[in-house]
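Residues per chain are reported as follows:
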Amino acid sequence: MNTDMINIERQYQQLLRDILENGVEKKDRTGTGTLSVFGRQIRHKMSQGFPLLTTKKMAWKTMVTELLWFLRGDTNIKFLLDYDCHIWDGDTYKNYASKTSLDPVEQLTKEQFIKKIKTDEEFAKTWGELGPIYGHQWRSWSKFEYQDGCIIGNLSIDQILNLINELKTNPDSRRLMVNAWNVGELDEMVLPPCHYGFQVYTRELSARERTAIGSKGSTKLYDSIKEGGYDTIDTDVEMHKVCDDANVPKRAISLMWNQRSVDTFLGLPFNIASYALLLEIIAKEVNMIPDELIGNLGDVHLYKNHIEQAKEQMYRRSYDLPKVQITERNWYLHEKVKEHLGEKTFDEKILSYRPDCFELINYQSHPKIKAPLSN
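Residues numbered from 1 in each chain as written. Predicted model: local features only at pLDDT ≥ 70, side-chain atom pairs only at ≥ 80, totals over all residues. Heavy atoms only, no water.

### Looking at the layout of surface pockets
Empty space among the atoms becomes visible once a probe the size of a water molecule is rolled across them. The computed volume of the second largest pocket comes to approximately 1300 Å³. Ile 87, Asp 263, Leu 266, Gly 267 and Leu 373 are the residues nearest the centre of the second largest pocket, which is lined by 43 residues in total. It is strand β7 (residues 251–263) that contributes the most residues to the lining of the second largest pocket, five residues altogether. Looking at the lining of the second largest pocket, its residues break down into 17 nonpolar, twelve polar and 14 charged. (1 Å grid on protein atoms, 1.4 Å probe; cavity = no way out; pocket = protein on both sides within 12 Å on 5 of 7 lines; lining within 4 Å. Points joined across faces, edges and corners; volume = space filled by probe spheres on them. Helix = DSSP H or I, 4+ residues; strand = E, 2+ residues; numbered from the N terminus. Nonpolar A, V, L, I, M, F, W, Y, C, P; charged D, E, K, R; others polar.)

Next comes the structure, spelled out in structure tokens:
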């Protein structure tokens, strides 16, 4: 389907219809069964709004918590549970149940298991771990160090920090990528990555684009024009100079993620919003403007116990998309504090972020639609 001229909500509804009309029946690891199509793409211009679907109420805090968990390099669900995020509970409990050979009477129920993770630090260290999944691969990809053909050490590669540094120093690189599909560690993961990698791309903004950006909700650009002594601005070169003085971003940044397996009803709306927020966070860190979000989707499926819910959502009319505002901890915004401590590192910013640092502006939606999660 041609996605260039339709908004993200309509693309999503058309994808639901596509699966219902053209999907083939397939078995899956959960035993639920799916209708499936292969090889689809969605595209969204971030200037149209933040792509949090409005045709059903989305669990915003849950999505933000999971993304922060990834970016912290964390792989233990304790952090998620501290913020009432339960999307990994099923996989974690399934791993615990499969590895314990206790009598069913002695084995913890799922509810008891989650409570023990929250309250017992040692138990959480052992059974809250999901293995080297997303956060580990993003922030601590393992690499052996060799000398004379022999392994002499094990290095850790921080793909996110490398990406940030490369964006600041070599923004036209074609190697601006992060990968979570570590073949050598798949068997150690509770669940291999569904969204297994992403790539970013930047472009220079035109003088007209920078002027429009600098003029939105700020007098800084106009102050720079006045202070620069410009009566008229006749050339793009002059306009770029004024924008530089006003610290208007010079580049736009886009993100494209790849996903092998797509739970279209429950998972995909989360994936869209999560990668959009990741794009916003990266753009803020490197002083660029979020441009386009693209998803390349492999096995795109509806679980059979989601079909009626998908039909309901297909016919709902969408609302205008919201905006997102990212707010760092207030204490750090004071110039005296900055002067004393210096500029925060990316890691310090990520560790200071909490879900409430990401505020939805003007989000209006239809009611949520309940559907079971297949683990």
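### Regarding the pattern of salt bridges
Considering all chains together, one arrives at 22 salt bridges under this definition. Here Asp 120 makes a salt bridge to Lys 116, at a shortest N to O gap of 3.3 Å. The partner of Glu 122 in a salt bridge is Lys 125, with the nearest N and O atoms 3.7 Å apart. Placement of the pair is Glu 122 and Lys 125 together in helix α6 (residues 121–127), with a separation of three residues, close to one helical turn. In this structure, a network of salt bridges that share partners links the residues Lys 45, Arg 203, Glu 209 and Asp 291. (Salt bridge = Lys/Arg side-chain N within 4 Å of Asp/Glu carboxyl O.)

### Some remarks on the confidence of the model for the protein
When pLDDT is averaged across the protein, the result is 90; 88% of the residues are at 70 or more. In this model residues 1–5 is a low-confidence stretch, pLDDT under 50, and it forms seven contacts with partners more than four residues away in sequence or in other chains. (pLDDT = per-residue confidence, 0-100. Contact = heavy atoms within 4.5 Å.)

### Brief notes about the nonpolar core
Ranked by size, the top nonpolar core spans 88 residues in total, and within it Trp 138, Phe 198, Trp 257, Leu 277 and Phe 358 carry the most contacts. Per element, the largest residue contribution to this core is 13 residues, and it comes from helix α12 (residues 267–286). Discounting chain neighbours no more than four positions away, the residues touching Leu 277 are Phe 50, Trp 60, Met 63, Val 64, Leu 67, Val 324 and Phe 358. (Core = buried A, V, L, I, M, F, W, Y, C linked by side-chain atoms within 4.5 Å. Buried < 20%, exposed > 50% of the residue type's maximum accessible area, 1.4 Å probe, protein only.)

### Brief notes about helix α9 (residues 207–215)
Within the sequence span of α9, burial applies to Ala 207, Arg 210 and Gly 214. Buried residues of α9 fall within an arc of 65° about the axis and therefore sit on the same side. (Arc of directions from axis to C-beta.)

### With respect to the environment of Lys 304
By the element assignment, Lys 304 lies in the loop between β8 (289–303) and α13 (307–314). Looking at Lys 304, the relative accessible area reads 38%, which means it is partly exposed. Measuring from C-alpha to C-alpha, the distance between Lys 304 and Glu 25 comes to 9.1 Å, with 279 residues separating the pair along the chain. Apart from the residues within four sequence positions on either side, Lys 304 is in contact with Glu 25, Thr 32, Gly 33 and Thr 34.

### Remarks on the sheet that holds strand β6 (residues 195–204)
Within the open sheet, the six strands sit side by side as β1-β2-β8-β7-β6-β5. Their pairing is mixed. Either end of the sheet is taken by a strand with one partner, and the two such strands are β1 (24–26) and β5 (177–179). Neighbour to neighbour, the strand axes of the sheet diverge by 20° on average, direction disregarded. When β6 meets β7, the two strands line up antiparallel, connected through nine bridges. Residue pairing across strands places Phe 198 opposite Trp 257, the latter belonging to β7. The sheet contacts of helix α8 (residues 159–169) involve β5, β6 and β7, and relative to β5 the element is tilted by about 175°. (Pairing = 2+ DSSP bridges. Axes fitted to C-alpha atoms, helices over the stretch in contact; angles between N-to-C directions.)

### Remarks on the environment of Asp 28
With respect to the secondary-structure elements, Asp 28 resides in the loop between β1 and β2 (34–45). Expressed as a C-alpha distance, the spacing of Asp 28 and Tyr 303, which sit 275 residues apart in the sequence, is 9.2 Å. The contacts of Asp 28, once residues within four sequence positions are left out, are Gly 33, Thr 34 and Tyr 303. At a separation of 2.6 Å, a polar atom in the side chain of Asp 28 contacts the main-chain amide nitrogen of Gly 33. (Polar contact = N/O pair within 3.5 Å; in protein donor to acceptor, adjacent residues only side chain to side chain.)

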